[in-house]
Amino acid sequence: MKGSLDSLIDKAQSAFIPGRRIMDNILMAHELVSGYQLSNGPPRCAFKIDIKKAYDTVDWRFLVVMLEGLGFHPVLVKWIREMVSTTSYSLSLNGNSYGFFHGGRGLRQGDVLSVEVLKKALFLFQCHSGLAPSLEKSEIYFGNVPSNIKEAILECLPFKLGSFPVRYLGVPLSQARLKLCDYAPLIAKVKGRIINWKSKFLSFGGRWDDLRGRCRLSWDVVCRPLDAGGLGIKRLSIWNSALLVKHVWDVVRHRDSLWVSWIYGQYLRSSHFWMVRKSSYWSWVFRKLLDLRSQLRRFMFSQIGDGRATNAWEDNWLSCGRLSAFISYQIVHSCGFSTSTTVRDLLLNWNGIWPDDWSSRFAELSSPLPLLNDFVRDKVLWGEDRNSAADFLVSNTCTLLEGDHPVVPWHKAVWFPGHIPKHAFCLWLACQGRLLTQDLSLCSRGYVLIPSPNQVEDKVCWVDYKGARGDFQVTVAWKTLQEKKLPTQDRISQRKHEPPDLNSIWEGIKMEVGLTSYLNNWEDILHRGSVQNWKSWSTVQRLGLSATVYNIWRERNRKFFDNFNHSEDKVIAVIKMQILHRMAWKNRKKIMNSNDM
């Protein structure tokens, strides 16, 4: 039956049917309640009817009559009837039946509930199908209905008076665009989950957006792909636009759905999607889709078949782009065409070749016209250019809408199969120059490091240059570096100021992983890596680099906050153990994957 459901079931049912989407019902519901907040226009009312136990009160006779009326074979109808009316079952394993058990009451037939105040249509539906409305859960909504008529309807029907927004299929349904207060419960719930994750489950790498301090990097950088120096986190605005593009794609391709038919019947009867002007009386959902046209148009290309579904002026069916970009509609109308001219009309009128006056007047018309094929329908494709265009995918759309970012050469050193997450995150911050240290932390908050006035080398002063009038204000007292045992410029990228033991740690790890040709300068490591290609580094070498950066940074924190640090031999031993454990884990995982295959 699965292959025939689309032709058997009405388009109003969007869920559970192959090729249909439940989102169509949500969009259609928004269209139906659009304008209910207005005080002008025709009076309207909508009913939200909740069916009592809709999945277990279908009348068996109604089901059998429907199957017979749709032309199913009597044997199949008998099988289905026995399946839904019998409460005993057995299991069939490898062609043999095992056991026999009772499965409860099975599907129950609903008693016909006679409610005199219900409308005749609803009453007849209940009589034939056995589905009864739940009056205590059903609601009615009014749009521009006079008060006296509203009261009369409420007296006639035992429904409650509802208000927008209302939840429909799990999504807020509103007659107008949702306000911030409508999203407040969702926002509060998400924030509650995030705070819980921070305190219980997330590591340092997962708490990079800690609200107690400033963010290390901008959200724009964080949302970039891994190879562009980001963390690959999806930008919600881009992801939302990509999902909305899917509905635009349905409209442009004339997908066979009730919502698309409504759009063309209500809004696009005498105009084209790329040309139609928005109206304030239209639904806010469709107006939102129209706002995306300027972003999406360059990604949609038409592949000509019979030429009937492609607009000659607005669709992108030529290598030179859409014709309306350089041909005015004044010229179009003067040549006897209209705004709704199709590619088929144009090609048949010109016999498949450009007119001489058009070719001489418009230099862009240099490519040959396509041939018509009456046995193939026109097709719309999606992509960055015509040659790479294909069917629409949300994931590809996010990439296109995000745009290109320059690739950073060090991403292969940070993100590789088998990387340790907390080490990789620390190395990522170091590569970005945002690994939090004393001078970097204060500089990011508007302070500048200057020598002390008495020129004592072991003393420094942090000065705030963000005063109300721009004048300097000393806000941090003198600090003696000797007390904290820290260099004047404490930053991992400036190796010449690091204590000798930290250099010795890196020297020891270089010997262990085979990186003796690299110096102790951070810029040199990044530069040499970009020239020699990080792909040539082994997993052990990359683990060694990230583990060394992480553990040196931890030793620096121990010195600053606890006035304590491990010996260099202890740190080297810890790094070696971390590398060995990770490689053992990677090998075990590889063996398990091979066994599964």
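Anything mentioned here points back to the structure above.
Residues numbered from 1 in each chain as written. Predicted model: local features only at pLDDT ≥ 70, side-chain atom pairs only at ≥ 80, totals over all residues. Heavy atoms only, no water.

We now examine empty space enclosed by the protein. A full pass over the atoms with the stated rule returns 7 cavities of 30 Å³ or more. If you add up the space inside the second largest cavity, you get close to 70 Å³. If you go around the second largest cavity, the residues you meet are Val-252, Trp-274, Arg-297, Met-300, Phe-301, Ser-302, Glu-314, Asp-315, Asn-316 and Val-380. Here the lining of the second largest cavity gets 3 residues from one element, more than from any other, and that element is strand β8 (residues 300-303). Considering only residue class, the lining of the second largest cavity consists of 5 nonpolar, 2 polar and 3 charged. (1 Å grid on protein atoms, 1.4 Å probe; cavity = no way out; pocket = protein on both sides within 12 Å on 5 of 7 lines; lining within 4 Å. Points joined across faces, edges and corners; volume = space filled by probe spheres on them. Helix = DSSP H or I, 4+ residues; strand = E, 2+ residues; numbered from the N terminus. Nonpolar A, V, L, I, M, F, W, Y, C, P; charged D, E, K, R; others polar.)

If you check which residues of helix α11 (residues 284-291) are buried, you get Trp-284, Val-285, Phe-286, Leu-289 and Leu-290. In this fold, the buried residues of α11 make contact with α2 (23-32), α9 (236-252), α10 (258-266) and α12 (293-296). (Buried < 20%, exposed > 50% of the residue type's maximum accessible area, 1.4 Å probe, protein only. Contact = heavy atoms within 4.5 Å.)

Turning our eyes to something else, we now look at the layout of surface pockets. Approximately 1300 Å³ is the volume found for the second largest pocket. Taken together, 31 residues form the lining of the second largest pocket, with Leu-178, Tyr-183, Leu-186, Asn-240 and Trp-284 sitting closest to its centre. Listing elements by their share of the lining of the second largest pocket, those giving two or more residues are α2, β6 (166-168), β7 (171-173), α7 (180-200), α9 and α11.

Another point: the nonpolar core. If you look at the biggest cluster of nonpolar residues, it comprises 44 residues, and the most contacted ones within it are Trp-410, Val-414, Trp-428, Trp-522, Trp-534, Leu-545 and Val-549. Every element with two or more residues in this core is listed here: α8 (219-222), α17 (411-414), α18 (421-431), α21 (500-513), α22 (522-532), α23 (539-562) and α24 (568-596). With residues near it in sequence (within four places) discarded, Trp-428 still touches Leu-217, Val-222, Gly-229, Gly-230, Leu-231, Trp-410, Val-414 and Trp-415. Counting 34 residues, the second largest nonpolar core, distinct from the first, contains Val-251, Met-300, Phe-392 and Leu-401. (Core = buried A, V, L, I, M, F, W, Y, C linked by side-chain atoms within 4.5 Å.)

Purely spatial values, then, with no claim about function.
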